[in-house]
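Survey of secondary and tertiary structure
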Amino acid sequence: MTGTVLAALAAQAAPLLACALILIFLRGRPRVAAGTAIAALTVSFAAAAFLVWQVAVPNTAAVSQTLWLPVQGGAGLAFGVILDPLAVTMALVVAAITLAVMVYSTGYMRGDPGFARYFGFLALFGWAMLGLVLASNLLQLLVFWELVGLASFLLIGFWFEREAPAAAARKAFLMTRVGDVGFLLGVLLLIRALGVATIPDVLAAATSPAPGFTVPLVAFLLLMGVVGKSAQGPLFTWLPDAMEGPTPVSALLHSATMVAAGVFLVARLHPLFAAAPGVMQGLLWLALVTALASATMAMVANDIKRVLAYSSISQLSYMLMALAAGSVAAGFFHLTTHAGFKALLFLSSGIFIHHAHSNDMREIAGHEPLSQKAGVIGLVAGSLALAGVIPFAGYFSKEMVLGAMGEKVGGVVLALAYLGAGLTAYYTFRMVFLTLRGQTPRRPVARDIAPAAHAAGHEEHFPKAAEAAMAWPVLALAALTLVLGYLGGFFATRLSPALPHEGPFHVGGGALVALALVAAGIALAWYEFGRAGALRLGFAERVPALKSFFGDNWYLDRLYKATVIRWTLALSRAAKWNDHTVLDGASDGVAQGTVWGGRILSMVQNGFVQAYVAVAISVVAALGIWLTRTGGLP
Amino acid sequence: MSPALYLGFATLLFGVGLYGLLQRRSLVAMLISLELMLAAVSVNVVALTSLTGHDASMGQVVALILVGVAAAETAIGLSLFVAIHRASHSIDVETLSELKG
């Protein structure tokens with residue numbers, strides 16, 4: 001076993017071990033639990049960094065797996081690791097963000113009664129996500145895919161004693177499940193048709209299709225899972241609700257890593273998807289519509305976490321658009337930078353939320369100014385990166401995405417993608433100005449959103465140690481937003497199909513257009529929210545119809561309530577009636593019949609010997625008469 | 001002698017016994033009625049063996065055995081009644097209904 005394989009196994013084993021230790025032994029010892037989880041993720045982080053150095057830098061690819069369950073004439077069940085630049089880079093991203101979020105959480109979740117459980121779940125997520133990323137085999141990937149969903153469910157519903165998080169957790173689980181059904185079918189179909197499950201073998205076989213194997217169908221089914229997990233198209237409404245979970249969880253799972261699993265899957269199996277151009281065209285349009293739709297929703301949301309959630313959906317759409325346009329490097333580069341700056345944005349918004357005890361940006365603004373500078377720095381740096389301002393990370397990756405799209409698709413799609421970039425800048429800076437420039441005369445704010453999801457019983461005034469625990473990860477990530485952007489060349493040369501890369505500061509015509517749109521978006525945000533005496537009301541919010549349409553997820557939730565949910569409930573009620581009335585009635589009837597039959601028969605045994613004698617004699621007499629009449633023959 | 005006479009007598013005897021068995025509530029009376037029914041059977045056996053042309057002594061032997069068996073049965077029955085009487089101070093069948101369902 002080589003050192004790289006050993007490192008890959010260690011990266012997965014450490015969080016699993018920590019999770020088991022915490023959930024079994026350390027439930028009552030929060031500090032030890034947090035220490036264990038952080039130590040485990042440090043091991044994973046070191047292992048992932050080693051892997052990047054050993055695998056991604058020299059650009060090698062290898063698969064190492066053992067057959068666990070041989071199947072006669074089939075693929076069998078193998079478990080192992082895949083070590084190529086895509087997998088190990090993603091592993092490093094996951095380990096780094098998880099580690100940062102864990103350190104931050106020691107401050108944010110301080111004093112929560114479920115502190116140890118929280119770290120146990122985070123470790124569970126770390127294991128599942130690293131397992132997903134490094135899986136060498138489609139079945140193995142499926143297992144970890146579902147485990148990641150479980151971790152998401154557990155962490156969204158972390159404050160399960162309140163109604164909203166519990167409902168959000170259920171919604172997230174069920175909506176992603178809709179997509180996962182397709183994913184499962186796709187994987188099974190693929191394995192049955194090709195007879196192999198190891199990812200490189202699958203990709204090799206997919207490009208030279210076997211008889212009875214329809215690539216478009218499989219690609220479509222797999223994309224269903226992607227759409228559910230990465231909150232795209234019709235299945236995205238679970239993600240805004242998932243913000244009911246603790247803020248660090250939103251940073252880790254619901255923007256940086258878990259929701260990117262769908263994007264990662266498309267990158268992982270890209271040759272397979274590329275063999276179905278029609279499906280990819282559909283994905284391109286779906287992602288484009290999702291990107292614009294979620295941008296409009298972010299324009300009217302007042303909950304800072306929901307703004308960030310919508311922007312996550314929008315950015316995931318950009319990644320998928322790049323992949324659909326054929327560029328793995330652009331999509332994955334955007335995934336990496338987005339993981340950094342979106343985690344940063346969530347973590348710094350957590351500092352504000354903790355300070356103001358509210359998610360509402362107007363209330364945060366009305367609250368006394370934050371003494372802690374890390375939050376402000378993080379929010380501004382993250383927003384600049386998200387909006388795509390040069391030289392922050394988001395600029396470079398978005399340029400690469402738009403550039404890749406410009407080469408392959410062009411036309412209306414490209415124009416709309418540029419428009420989306422402008423909208424991104426607008427809603428991002430609407431958030432910044434609403435949050436930071438709110439020292440205008442305080443007026444009572446209508447509470448139309450729930451008060452901040454807060455750790456029960458946390459202390460009013462933070463100890464310095466907790467503040468530092470929250471500040472350092474934010475500052476580290478803020479520094480990263482300035483660094484990550486220069487890694488474009490690294491991705492472009494290591495992920496197939498290779499892209500020509502002109503260096504980070506190549507400014508083409510597209511980049512100028514994008515920068516102009518971004519500047520326009522920021523200027524509009526400044527005019528409406530930032531300048532002194534601004535109305536602090538966006539153009540979309542002034543039209544009541546638009547405000548309610550955008551603010552209500554384009555009425556998709558209402559549509560689901562009126563259709564799918566209603567039908568399901570009706571079906572459930574019918575099933576309940578059938579169960580209670582028909583099935584229970586039948587078994588009750590059998591029981592009652594038996595009881596009554598027993599009562600009637602027990603009357604025969606009345607305790608009078610003479611009655612028995614009379615019956616016996618009568619029977620014998622009847623038998624005798626019958627025998628004499630028929631001669632014993634029937 | 002007509003066989004019908006013997007058979008009719010046996011039937012009468014059996015009927016009387018049956019009536020007594022079903023009608024009387026005392027265990028002793030029921031046992032006596034049972035003996036009457038057994039006697040009817042003996043009469044039938046003796047009559048039928050001698051009247052159908054078989055060896056008549058065969059039926060008589062069976063009748064004698066039946067008398068012996070009846071005596072033994074009566075002895076067992078009476079001792080049971082004594083035991084029952086000791087236990088429940090009654091030999092009335094209507095009160096002996098503990099095995100009722």
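See the structure shown above.
Here's what I pulled together on the structure shown here. (Residues numbered from 1 in each chain as written. Chains lettered and ligands numbered in written order. Predicted model: local features only at pLDDT ≥ 70, side-chain atom pairs only at ≥ 80, totals over all residues.)

**Concerning the nonpolar core**
Ranked by size, the top nonpolar core spans 218 residues in total, and within it A:Ala37, A:Ala91, A:Ala95, A:Phe119, A:Met321 and A:Ala343 carry the most contacts. Per element, the largest residue contribution to this core is 18 residues, and it comes from helix α3 (residues 85-108) of chain A. Setting aside chain neighbours within four positions, we find A:Met321 in contact with A:Leu284, A:Ala287, A:Leu288, A:Val401, A:Met405 and A:Ala417. Core analysis: the second largest hydrophobic core is formed by five residues, B:Ala10, B:Ala40, B:Val43 and B:Ala47 among them. (Core = buried A, V, L, I, M, F, W, Y, C linked by C-beta atoms within 7 Å. Buried ≥ 20, exposed ≤ 12 C-beta atoms within 10 Å, placed from the backbone. Helix = DSSP H or I, 4+ residues; strand = E, 2+ residues; numbered from the N terminus. Contact = placed C-beta atoms within 7 Å.)

**Describing the environment of A:Tyr104**
Tracing the backbone through its elements, the reader meets A:Tyr104 in helix α3. Excluding its chain neighbours within four sequence positions, the residues that come into contact with A:Tyr104 are A:Pro248, A:Leu347, A:Ala469, A:Met470 and A:Pro473.

**Brief notes about the interface of chain B and chain A**
Taken together, the contact pairs nine residues of chain B with 10 residues of chain A. Classifying every residue of the side of chain B that touches chain A gives five nonpolar, two polar and two charged. (Nonpolar A, V, L, I, M, F, W, Y, C, P; charged D, E, K, R; others polar.)

**Digging into the packing of helix α11 (residues 260-268) of chain A against helix α15 (residues 328-356) of chain A**
Residue and element names in this part refer to chain A. The contact between α11 and α15 brings their axes to 10 Å, and the two run at 155°. Classified by the angle between their axes, α11 and α15 sit roughly antiparallel to one another. Classified by chirality, the crossing of α15 by α11 is left-handed. Here Ala-260, Val-263 and Ala-267 of α11 lie close against α15, whose contacting residues are Val-328, Gly-331, Phe-332, Leu-335 and Ala-339. Partitioned by chemical class, the residues of the contact of α11 with α15 number seven nonpolar, one polar and no charged. (Axes fitted to C-alpha atoms, helices over the stretch in contact; angles between N-to-C directions. Parallel < 35°, antiparallel > 145°, perpendicular 65-115°, else oblique. Left-handed = near helix turned anticlockwise from the far one by under 90°.)

**Some thoughts on the packing of helix α5 (residues 138-156) of chain A against helix α6 (residues 163-194) of chain A**
Residues and elements named next belong to chain A. Where α5 contacts α6, the axes come no closer than 9 Å and their chain directions differ by 175°. Taken as axis vectors, α5 and α6 run roughly antiparallel relative to one another. Contacts from Leu-138, Leu-139, Leu-142, Glu-146, Gly-149, Ser-152, Phe-153 and Ile-156 of α5 reach α6 at Pro-165, Ala-168, Ala-169, Ala-172, Phe-173, Thr-176, Asp-180, Leu-184, Val-187, Leu-190 and Ile-191. Residue composition of the contact of α5 with α6, grouped by class: 14 nonpolar, three polar and two charged.

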